[in-house]
Amino acid sequence: MTLILALDFGGTKLAAATVHTGSKQWLRYERRLSPANANADTDLEIMRSVINSLLKGAKPEAIGVSFGGPVDATTGKVRLSHHVVGWENVPLRDLLEEEFGVPAYVDNDANVAALGEYRFGAGQGFDSLFYMTVSTGVGGGWILNGKPWRGAEGMAGEIGHMVVDPAGPVCLCGKRGCVERLASGPYMAQDVREVLRNVRAACPEDIPPRRASALGGAADLKHLACQGRQDKRGEVLRELVGDNLELVTGQIVSEAAAAGDNLAKEILYRASWALGVGIGNVANLINPQLFVLGGGVMKAGEDFWQVLRKVARETALPEVNFEIVSATLGDDAPLWGAVALAEDVLR
């Protein structure tokens, strides 16, 4: 049987697995967290260690790679990572092929995860789908007429940097109110920390308490801070992190919302609103049959999904039909997509 090596370079974690072609069960699997001060060299060093642990002297016939950032899929060169320094213009495919002596294929993680869900997961039986990963960042990948669609230069699917609130907070890309700025885990955590740090600050007398809007600008965060002082928003959040705000993460925000914390609920509402607007606009533009959503933020609970679906439906034209479902492969969607890439290389 043919052995395939699948690799996933994420923004905060690294994963690898081996599998035989035609199988739907991993032979071996390993996942490690990327250190806080990671760069391209440390990521590569960790991944080499993981690969050696998995292969134990065996040689794969092909390697499929998912990478968390823009990739030139034609050349296998990583353009950059938005979350890990040092990945600018790294010829990852060439490095792997030289080191292991087998063909490799490298693509952006959202594109790869879309292929994984199409071949092995929620997208089976559909001809067109848009996959979204909502985690450290927000990205998207297309399957159109049964084939990956990457755009003219491999940049199709970047829904994370679709502007849904022009007056919103500044995203790492430099624009305001991007989907990623409002819905990704690290940014939600950042906004929670900002609100909680300002809870004890004086609130303007002329700003009455109100429910946070879907908007994400500084004014909204000030409103949340005022409300936090008045109705004890954020108490569950503080308890979960022992009042150490540096420990707040997107997962903590989700846990606090599930436990009834109103500040966490406000932040998650804004995130689900942003995702819903993005999905509705994409539905109008391309009209895929299916939206498949994966990533850690999508584990936020049923209320999150209800708002997202409602806003997406309200944003899209009434005549535009689509389904929104959860990814069935979970965090392993990029790895299974990497398997599909390797199988295609072998063909």
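Parameters at a glance
- Residues numbered from 1 in each chain as written.
- Predicted model: local features only at pLDDT ≥ 70, side-chain atom pairs only at ≥ 80, totals over all residues.
- Heavy atoms only, no water.
- Buried < 20%, exposed > 50% of the residue type's maximum accessible area, 1.4 Å probe, protein only.
- Helix = DSSP H or I, 4+ residues; strand = E, 2+ residues; numbered from the N terminus.
- Pairing = 2+ DSSP bridges.
- Arc of directions from axis to C-beta.
- Contact = heavy atoms within 4.5 Å.
- Domains from an automatic or database assignment.
- Buried area = accessible area lost by both parts, 1.4 Å probe.
- Salt bridge = Lys/Arg side-chain N within 4 Å of Asp/Glu carboxyl O.
- Polar contact = N/O pair within 3.5 Å; in protein donor to acceptor, adjacent residues only side chain to side chain.
- Phe/Tyr/Trp six-rings, centres within 6.5 Å; stacked < 30°, edge-to-face > 60°.

## Overview of the pairing of strand β9 (residues 138-144)
Stage number 1. The element β9 is largely enclosed, with a buried count of six among its seven residues.
Stage number 2. The pairing of strand β8 (residues 129-134) with β9 spans six bridges and is classified as antiparallel. Looking at the pairing, Thr 133 lines up with Gly 139 of β9.
Stage number 3. Following β8, the chain reverses through three residues before pairing antiparallel with β9.
Stage number 4. Pairing geometry for β9 and strand β10 (residues 147-149), over three bridges, is antiparallel. For Ile 143, the partnering residue across the bridge sits in β10 and is Pro 148.

## Description of helix α2 (residues 92-100)
Stage number 1. Turning to α2, its buried residues number three or more, namely Leu 92, Leu 96 and Phe 100. Buried residues of α2 fall within an arc of 40° about the axis and therefore sit on the same side.
Stage number 2. Where α2 is buried, its residues touch β1 (3-9), α1 (40-55), β4 (62-67), β6 (77-78) and β7 (104-108).
Stage number 3. Looking at the residues trailing α2, positive phi occurs at Gly 101, about 70°.

## Details of the domain arrangement of the protein chain
Interface extent is often summarised as the accessible area lost during association of the parts.
Stage number 1. Domain parsing of the protein chain yields domain 1 (3-109 + 330-346) and domain 2 (122-327).
Stage number 2. Distance between the C-alpha centres of domain 1 and domain 2: 28 Å.
Stage number 3. Contacts between domain 1 and domain 2 engage 15 residues on the former and 13 residues on the latter.
Stage number 4. Carbon and sulfur atoms supply 42% of the area buried between domain 1 and domain 2, which totals about 1,100 Å² over both sides.
Stage number 5. Per-residue buried area on domain 1 facing domain 2 is highest for Arg 79, His 82 and His 83; these three make up 33% of the total on that side.
Stage number 6. Taken together, the links from domain 1 to domain 2 amount to two salt bridges.
Stage number 7. The partner of Asp 331 in a salt bridge is Lys 299, and the shortest N-O contact between them spans 3.4 Å.
Stage number 8. Viewed at the interface, domain 2 and domain 1 are joined by three residue pairs in polar contact (both at pLDDT 80 or more).
Stage number 9. Where the side of domain 1 that touches domain 2 is concerned, the elements lending two or more residues are β7 and α11 (333-346).

## Considerations on the packing of aromatic side chains
Stage number 1. In the structure shown here, the tally under the stated rule is 10 aromatic pairs.
Stage number 2. Here Phe 9 and Trp 87 contribute two aromatic rings whose centre-to-centre distance is 5.6 Å and whose plane-to-plane angle is 75°, an arrangement assigned as edge-to-face. Here Trp 87 lies in the loop between β6 and α2 and Phe 9 lies in strand β1, a separation of 78 residues in the sequence. Each member of the pair, Phe 9 as well as Trp 87, is classed as buried.

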